[in-house]
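Single-letter residue listing:
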Amino acid sequence: MEEAVKLNEAFHSFTRASKSLEVYYEKLSDKVRYLTAEVERKNAQLKELQDHHKRNLRLIAMGEMAASIVHEIRSPLCSIELFSSMLSNDLKGTEHSEMANGISTGIKSLNNILTNMLFFAKPQKPSLKDVHLHNAVEESLKILAPLIDIRGITLSKDVPDEIISGDTELLKQVLMNILLNAVQVMPGGGELKVYTEEGENYFALAVCDEGNGIDIDNMEKMFDPFFSTKDKGTGLGLTIAHKIMQCHNGFIKAERNEDRGSTFRLYFPKKGVADEPGGNKQLKN
Ligand SMILES: Nc1ncnc2c1ncn2[C@@H]1O[C@H](COP(=O)(O)OP(=O)(O)OP(=O)(O)O)[C@@H](O)[C@H]1O
Ligand SMILES: [Mg+2]
């Protein structure tokens, strides 16, 4: 009898043990299922990251290829540009003068597109020096002079000789893009105003045109790469201008004028402001 009780107890404890083992087994199975799903998820993430990395490597390689092609095209183009300006000078006052100016202008805007693409493919680091803003504006306007003349645009300038800290070549690239856009929106002529404004910490160069103004929907989009409303625009001009201004601790702002056209303002920190302890490290827009 005693043995039967012991056997019964042993049987019960065996059943209890096997039940708790079953529960434990279920829990373990759940854990294994969870971990298997987690491993699969991590594997998928890893694959995505690897694909992303491969795509980045491809893009870098393509960017380098584009940069070397652009570089190859630019050298002969610079010679063509020089010869066309000489031709343009020689033909001044003759019936072919306008034709030569047209060639010269076309080559200059081609050169500008290539410079933009080169910067986009391989952004340069600015080498900041003292720059006479007035000179940079004059040089950019000189390049665009034939186009301004052909379109019958009147130019009004009020740019004092302010010194800013910048990279002359990159600044000229910004100015070329902004001024070229302004000239392009006035095919039938108008007034192009270039002037400066001064604030406590900044110095702004304003370029004001009398074009059709900026579409309100395009206000932000126009700074995106490849956004263009022009038939032959690459849509890189403003993207690059924005990037270069950032490298100068400045920024760029666009607005529709109340009457007609638009005004683009380039804000530069006043010399010394960016380096002063507690000074504005970066102007905020
Ligand atoms: N002064 C302006 N007035 C009205 N719209 C402008 C002006 N400047 C730029 N935009 C708008 O912003 C768009 C983008 O300008 P962005 O300079 O980046 O490229 P793009 O001029 O179209 O081409 P690219 O400069 O590469 O030749 C233009 O297509 C135009 O729609
Ligand atoms: Mg442009």
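Let me sum up the structure you'll find in this document.

About the thresholds
Residues numbered from 1 in each chain as written. Chains lettered and ligands numbered in written order. Predicted model: local features only at pLDDT ≥ 70, side-chain atom pairs only at ≥ 80, totals over all residues. Heavy atoms only, no water. Helix = DSSP H or I, 4+ residues; strand = E, 2+ residues; numbered from the N terminus. Rg over C-alpha atoms; globule rule 2.2 N^0.38 Å. Buried < 20%, exposed > 50% of the residue type's maximum accessible area, 1.4 Å probe, protein only. Contact = heavy atoms within 4.5 Å. Areas by Shrake-Rupley, 256 points an atom, 1.4 Å probe, with all protein chains shown as cover. Lys, Arg positive; Asp, Glu negative; His and termini not counted. Charge placed at Lys NZ, Arg CZ, Asp CG, Glu CD. Near = heavy atom within 4 Å. Polar contact = N/O pair within 3.5 Å; in protein donor to acceptor, adjacent residues only side chain to side chain. Nonpolar A, V, L, I, M, F, W, Y, C, P; charged D, E, K, R; others polar. Pairing = 2+ DSSP bridges. Axes fitted to C-alpha atoms, helices over the stretch in contact; angles between N-to-C directions. Expected span 1.5 Å × (residues − 1). Bend = angle between axes of the 7 residues up to and from the residue. Parallel < 35°, antiparallel > 145°, perpendicular 65-115°, else oblique. Left-handed = near helix turned anticlockwise from the far one by under 90°.

## Observations concerning the overall build of the chain
Stage number 1. Broken down by element type, the chain carries six helices and seven strands.
Stage number 2. Secondary structure elements in the chain, listed N-terminal to C-terminal, are α-α-β-α-β-β-α-β-β-α-α-β-β.
Stage number 3. Taken against the 2.2 N^0.38 rule, which gives 19 Å for 285 residues, the C-alpha radius of gyration of the chain at 33 Å runs more than 25% over that of a compact globule.
Stage number 4. Reported as C-alpha extents along the three principal axes, the dimensions of the chain are approximately 130 × 45 × 35 Å.
Stage number 5. For the chain, with 285 residues in total, the buried portion stands at 33%.
Stage number 6. In the chain, 72% of the contacts between residues at least 6 apart in sequence involve partners at least 24 apart.
Stage number 7. For the chain, the exposed area adds up to about 18,300 Å²; of that, 56% sits on carbon and sulfur atoms.
Stage number 8. Here the chain holds 35 positive side-chain charges and 41 negative ones, and the gap between their average locations is 6 Å.

## Some remarks on the site of ligand 1
Stage number 1. Around ligand 1 there are 18 residues in total, and S228, T229, K230, T234 and L238 lie nearest to it.
Stage number 2. For ligand 1, an oxygen atom lies 2.6 Å from a polar atom in the side chain of S228.
Stage number 3. Protein chains shield 94% of the accessible area of ligand 1, which is 600 Å² for the free molecule.
Stage number 4. Among the elements of the structure, α6 (237–247) and β7 (262–269) are those that each provide at least two residues to the shell around ligand 1.
Stage number 5. Looking at side-chain class alone, the shell around ligand 1 contains seven nonpolar, nine polar and two charged residues.

## Describing the sheet that holds strand β2 (residues 153–158)
Strand pairing in a sheet relies on backbone hydrogen bonds, with the paired strands running either antiparallel or parallel.
Stage number 1. Read from one edge to the other, the open sheet built from five strands follows the order β2-β4-β5-β7-β6, with strand pairing classed as mixed. The open sheet has two edge strands, β2 and β6 (251–256), and neither has a second partner. Strand-to-strand, the axes of this sheet are offset by a mean angle of 15 degrees, without reference to chain direction.
Stage number 2. For strand β5 (residues 202–208) and β7, the ladder comprises seven bridges, and the chain directions are antiparallel. Opposite A204, over in β7, you have Y267 as the bridge partner.
Stage number 3. With respect to the sheet, helix α3 (residues 133–150) is in contact with β2, β4 (190–198), β5 and β7, its orientation differing from that of β2 by roughly 175 degrees.
Stage number 4. Contacts from helix α4 (residues 168–184) reach β2, β4, β5, β6 and β7, with the element oriented near 165 degrees to β7.

## As for α4
Stage number 1. With 17 residues, α4 extends 24 Å from end C-alpha to end C-alpha; this agrees with the ideal 24 Å at 1.5 Å per step.
Stage number 2. Among the 17 residues that make up α4, 13 are buried, leaving the element largely enclosed by the rest of the structure.
Stage number 3. Of the residues flanking the start of α4, the one acting as N-cap is D167, its side-chain oxygen 3.2 Å from the backbone nitrogen of E169.

## A look at α3
Stage number 1. Its 18 residues place the ends of α3 26 Å apart at the C-alpha level, agreeing with the 26 Å of an ideal helix rising 1.5 Å per residue.
Stage number 2. Of all the bends found along α3, the most pronounced is centred on L144 and spans about 55 degrees, while P146, a proline, follows it within four residues.
Stage number 3. For α3, the set of buried residues is L133, A136, V137, S140, L141, L144, P146, L147 and I148.
Stage number 4. Two residues or fewer after α3 comes G152, characterised by a positive phi angle close to 65 degrees.

## Some points on the packing of helix α2 (residues 97–121) against α6
Stage number 1. Packing of α2 against α6 brings their axes to within 10 Å, and their N-to-C directions diverge by 55 degrees. Taken as axis vectors, α2 and α6 run oblique relative to one another. Classified by chirality, the crossing of α6 by α2 is left-handed. Residues N116, F119 and F120 of α2 lie in contact with α6, whose contacting residues are G237, T239, I240, K243 and I244.
Stage number 2. Residues that form the contact of α2 with α6 fall into these classes: four nonpolar, three polar and one charged.

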